[in-house]
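# Structural features, examined
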Amino acid sequence: MTYRPDPERYDSAHFRRGGRSGLKLPAISFGLWHNFGDTTPLDVQRSILFKAFDLGITHFDLANNYGPPAGSAEINFGHILKQDLAAYRDELIISSKAGWDMWPGPYGRGGGSKKALLSSLDQSLTRLGVDYVDIFYSHRFDAETPLEETADALAQAVRQGKALYVGVSSYSGNKTREIAALLKERQVPLLINQPAYNLFNRWIEKDLLAATDEVGAGIIAFTPLAQGLLTNKYLNGVPQDARVNRPGGDFLRPEHLKEENIDRARALNEIAKRRGQSLAQLAIAWVLRDPRVTSALIGASSAHQVEENVAALNDLTFSPEELAEIDRYAVEGGINLWEKPSHDEAV
């Protein structure tokens, strides 16, 4: 059956401008990090993506290594794009990234070299079946590559028409300032930084939000739900079907589910109940409380999860008293797996 998107998909959608660019992104974007590899049936993937688009989500975020296996998320999204969404390509923001291990040999081990980034971008375009991506990211800071070379690669991607905008992911505040200056010299603005950010991982508040504001870039926050820790899934213990118990679930580790984190999640859940929200909705709304955050990047394993998460947009307002109470429990939980690349200040 031919997919027809909801004609009212934009009626209540929320969009925010990315930094000082002209590009508006949905306040909630959709990431294909999990559940879009070859282990998930295509019909399930379709139902999730269609629901997201029907609810006004126009930004779909990928990377070269998303799967499993690596690359399969781009292949599967490209198939669905060709079969079902091709007529709506100009309504979509499609992003991809390069920087982590992907193929054998020195050039496939990620990093920020021109060879690694541009080769990966060409492979991503082939897998996606598109001529360009809307945003191409340097997926991590690479202390072994001169930042000038990384900037050259990103600028070249734009000049060649293979990307409309460029961004970085998990770059510190200082490295964000540096890469933005280098890109400006090459007449290509830095659009956005994509860091991990949630109630239990607040590192961007120390300097990165200020840095992106200074250089005119936006923030798109990934893991706003702390890999499921900020949902109702773990409030009463770890279920057998939890991601932590499945292959590829090592991005949420047993130590992340320590009792202190669970207790804080329970307390935050009580605040959410008083607001008429689920814990997940509170967590997403809280990330979006700062206008410097352009978008919160969610994932989902079902269309129902997409609906629940998007409903966070129904109440983005917090009273000073609510924020003060949330701050009592929104403390570092030792869950930042990206701490080294986001804090690596080596030259």
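It should be emphasised that the depicted structure is a prediction, and the values quoted were computed from it without experimental measurement. Numbering of residues begins from 1 in every chain and follows the order in which that chain's sequence is written. Only residues with pLDDT of at least 70 are given local features in this predicted model, and only at 80 or more are side-chain atom pairs given and counted; all residues enter the totals for whole chains, interfaces and linings. Side-chain numbers come from the whole structure's heavy atoms, not from hydrogens or water.

## A short note on helix α6 (residues 208-215)
Definition in use: For every residue, the accessible area obtained with a 1.4 Å probe (protein chains only) is divided by the maximum for its type, and the residue is called buried under 20%, exposed over 50%, and partly exposed between those limits. The helix and strand labels rest on DSSP assignments: H or I over at least four residues marks a helix, E over at least two residues marks a strand, and numbering proceeds from the N terminus. Taken from the helix axis, the directions to the C-beta atoms give the arc we talk about. Only heavy atoms enter the contact rule, under which two residues are in contact if any of them lie within 4.5 Å.
Taken residue by residue, α6 has Leu208, Leu209, Ala211 and Thr212 as its buried positions. For α6, the angular spread of the buried residues around the axis is 160 degrees, confining them to a single face. Looking at the packing, one finds that the buried side of α6 touches α5 (173-185), β8 (190-194), β9 (218-222) and β10 (293-298). Looking at the residues trailing α6, positive phi occurs at Gly216, about 80 degrees.

## Remarks on the pattern of salt bridges
This is how the line gets drawn: Here, a salt bridge means any Lys or Arg side-chain nitrogen found within 4 Å of an Asp or Glu carboxyl oxygen.
Applying the stated criterion across every chain yields a total of 23 salt bridges. We note a salt bridge from Glu205 to Arg289, for which the minimum N-O separation is 3.2 Å. Taken together, the residues span a long stretch of sequence, with Glu205 in the loop between β8 and α6 and Arg289 in the loop between α8 (279-287) and β10 at a distance of 84 residues. Arg289 sits in the partly exposed class, given a relative accessible area of 28%. Close ionic contact of Glu325 with Arg274 constitutes a salt bridge, the shortest N to O distance being 2.5 Å. On the criterion of sequence distance, the pair formed by Glu325 in helix α10 (residues 320-329) and Arg274 in helix α7 (residues 259-275) is long-range, its members being 51 residues apart. Classification of Glu325 as partly exposed rests on a relative accessible area of 23%. Arg274 gets classed as exposed once you look at its relative accessible area, which sits at 57%.

## Re the packing of aromatic side chains
What counts here: In this analysis, rings of Phe, Tyr and Trp, with Trp reduced to its six-membered ring, are considered paired at centre separations within 6.5 Å, and the interplanar angle assigns stacked below 30 degrees, edge-to-face beyond 60, and tilted for intermediate values. A positively charged side chain is recorded as over a ring if its NZ (Lys) or CZ (Arg) lies within 6 Å of the ring centre. The angle to the ring normal must also be within 35 degrees.
Using the criterion set out here, one finds nine aromatic pairs in the structure. When the ring of Phe30 is compared with that of Phe36, the centres are 5.6 Å apart and the planes differ by 85 degrees; the resulting orientation is edge-to-face. The two residues Phe30 and Phe36 agree in class, both being buried. On the basis of an interplanar angle of 85 degrees and a centroid distance of 6.5 Å, the ring pair of Trp33 and Phe222 is categorised as edge-to-face. One end of the pair, Trp33, is in the loop between β3 (28-31) and α1 (42-54); the other, Phe222, is in strand β9, and 189 residues separate them in sequence. One aromatic cluster in this structure is built from Phe30, Phe36, Phe60 and Phe77. Cation over ring: Lys115 sits above Tyr107, and NZ or CZ is 5.7 Å from the ring centre. Of note, Arg275 hangs over the ring of Phe318, and the distance from its end group to the ring centre comes to 3.9 Å.

## With respect to α1
The line we're drawing: Here, expected helix span is obtained from the residue count minus one, scaled by 1.5 Å.
Between its first and last C-alpha, α1 extends 18 Å over 13 residues, near the 18 Å set by a 1.5 Å rise per residue. All of the buried residues in α1 are Gln45, Arg46, Ile48, Leu49, Phe50, Ala52, Phe53 and Asp54. Buried positions along α1 lie against β3, β4 (59-61), α2 (72-85) and α9 (303-310).

## Digging into the nonpolar core
Spelled out, the test is: As used in this record, nonpolar core signifies buried Ala, Val, Leu, Ile, Met, Phe, Trp, Tyr and Cys residues forming a set joined through side-chain atoms within 4.5 Å.
Ranked by size, the top nonpolar core spans 91 residues in total, and within it Phe30 and Phe60 carry the most contacts. Ranked by residues supplied to this core, first place goes to α8 with eight residues. Not counting residues up to four positions away in its chain, the partners in contact with Phe60 are Phe30, Leu32, Leu49, Ala52, Phe53, Phe77, Leu92, Ile93, Ile94 and Ser95.

## Details of unusual backbone geometry
The omega angle of the peptide bond from Gly67 to Pro68 is 5 degrees, so this bond is cis rather than trans. When you line up the elements, Pro68 lands in the loop between β4 and α2. Put simply, Pro68 and Pro69 share a cis peptide bond, and its omega is -10 degrees. For Pro69, the location among the structural elements is in the loop between β4 and α2. Even without a glycine there, the phi angle at Ala226 is positive, about 50 degrees. Residue Ala226 is classed as buried on the basis of its relative accessible area, which comes to 4%.

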